Amino acid sequence: MKDGFLGNHASFMLDAIVVALVLLVPVLIFSLYSVKWKRRFQRHRNLQLALAVTLLVAVFAFEFDLHWVQGGWKKVVSKGPPLSAEQADTIRQALRIHLIFAVTTPFLWATTIICALLRFPHPPAPGKHSRLHALLGWTSAVDLLLTSLTGLIFYYVAFINRG
């Protein structure tokens, strides 16, 4: 599908990723609340695994669509009204900043999840790995939130704030 559903010139998959980024934040917060204050370790584990798998599939589908179907981000952005040089620079800068977080997030999150799966008992419970897991988890969560925020900023400057 070449065009999205949010009422601008973005691709369908780009719109889907934007919606996923918005929905991700409350689920992530609920997962952190579940483990930190409710001590529901199994719920936290299951939510994190579900988020990771869902986002992994969504990002692969998005990347395939963006590069193979759409022909790259520049072609998607150029479907809208013509850009001034200043707008194009702003869009490129927003994308560069977003990619810093978008590239690091999967590595941090994968490290956090793999270590947790290998080092926590089944069913999950606090243990020797808890301190490192908390550090990795909060670092991953902040990186994921920054990925979401910068992705939404890129979407805004590339597709909404074009007038």
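See the structure printed just above.
Note that this is a predicted model, so its numbers are computed, not measured. (Residues numbered from 1 in each chain as written. Predicted model: local features only at pLDDT ≥ 70, side-chain atom pairs only at ≥ 80, totals over all residues. Heavy atoms only, no water.)

Asks: Even after reading the chapter, I still don't get the overall build of the protein, so can you show me in this structure?
Replies: If you tally the helices and strands in the protein, you get five helices and zero strands. Each helix and strand of the protein, placed in order from N terminus to C terminus, yields the pattern α-α-α-α-α. Projecting the C-alpha coordinates of the protein onto the three principal axes gives extents of approximately 55 × 30 × 25 Å. Burial status across the protein gives 36% buried among its 163 residues. Per element, the accessible surface of the protein, about 9,900 Å² overall, is 71% carbon and sulfur. Charged side chains of the protein number 16 positive and 7 negative; the gap between the two group centres comes to 17 Å. (Helix = DSSP H or I, 4+ residues; strand = E, 2+ residues; numbered from the N terminus. Buried < 20%, exposed > 50% of the residue type's maximum accessible area, 1.4 Å probe, protein only. Areas by Shrake-Rupley, 256 points an atom, 1.4 Å probe, with all protein chains shown as cover. Lys, Arg positive; Asp, Glu negative; His and termini not counted. Charge placed at Lys NZ, Arg CZ, Asp CG, Glu CD.)

Asks: Would you mind going over the pattern of salt bridges with me for this structure?
Replies: It is possible for side chains bearing opposite charge to pair when their charged atoms get close. Overall, the coordinates contain one salt bridge when judged by the stated rule. The salt bridge involving Asp-89 is made with Arg-92; its shortest N-O contact spans 2.6 Å. One end of the pair is Asp-89 and the other is Arg-92, both in helix H4 (residues 85-119) and three residues apart, which spans about a single turn. We classify Asp-89 as partly exposed; its relative accessible area is 44%. Taking relative accessible area as the criterion, Arg-92 reaches 29% and is therefore assigned partly exposed. (Salt bridge = Lys/Arg side-chain N within 4 Å of Asp/Glu carboxyl O.)

Asks: What's the story with the packing of helix H1 (residues 12-36) against helix H5 (residues 130-160) in this structure? I'm lost.
Replies: In a pair of packed helices, the angle between the axes and the distance between the axes together describe the arrangement. Two elements in contact, H1 and H5, have axes separated by 10 Å at closest approach and are oriented at 150 degrees. Judged by the angle between their axes, H1 and H5 are roughly antiparallel. The chirality of how H1 crosses H5 is left-handed. In contact with Leu-14, Asp-15, Val-18, Leu-21, Val-22, Leu-24, Val-25, Leu-28 and Leu-32 of H1, H5 contributes Trp-138, Ala-141, Leu-144, Leu-145, Ser-148, Gly-151, Leu-152, Tyr-155 and Phe-159. (Axes fitted to C-alpha atoms, helices over the stretch in contact; angles between N-to-C directions. Parallel < 35°, antiparallel > 145°, perpendicular 65-115°, else oblique. Left-handed = near helix turned anticlockwise from the far one by under 90°. Contact = heavy atoms within 4.5 Å.)

Asks: Before we go on, may I ask you to explain the side chain of Thr-147 in this structure?
Replies: On the secondary structure map, Thr-147 appears in helix H5. Within the structure, the side chain of Thr-147 is placed 3.1 Å from the backbone oxygen of Phe-101, a separation counted as a polar contact. With near-sequence residues (within four places) excluded, Thr-147 lies in contact with His-98, Phe-101, Ala-102 and Thr-105. (Polar contact = N/O pair within 3.5 Å; in protein donor to acceptor, adjacent residues only side chain to side chain.)

Asks: When you look at the packing of aromatic side chains in this model, what are you seeing that I'm missing?
Replies: Centre distance and the angle of the planes are the two values used to describe a pair of aromatic rings. Within this structure, the stated rule accounts for five aromatic pairs. Relative to Phe-159, the ring of Phe-154 has its centre 6.4 Å away and its plane inclined at 90 degrees; by these criteria the two rings are edge-to-face. Assessed through its relative accessible area of 7%, Phe-159 is described here as buried. Each member of the aromatic cluster is reached from another via a ring pair, and the members are Trp-73, Phe-154, Tyr-155 and Phe-159. (Phe/Tyr/Trp six-rings, centres within 6.5 Å; stacked < 30°, edge-to-face > 60°.)

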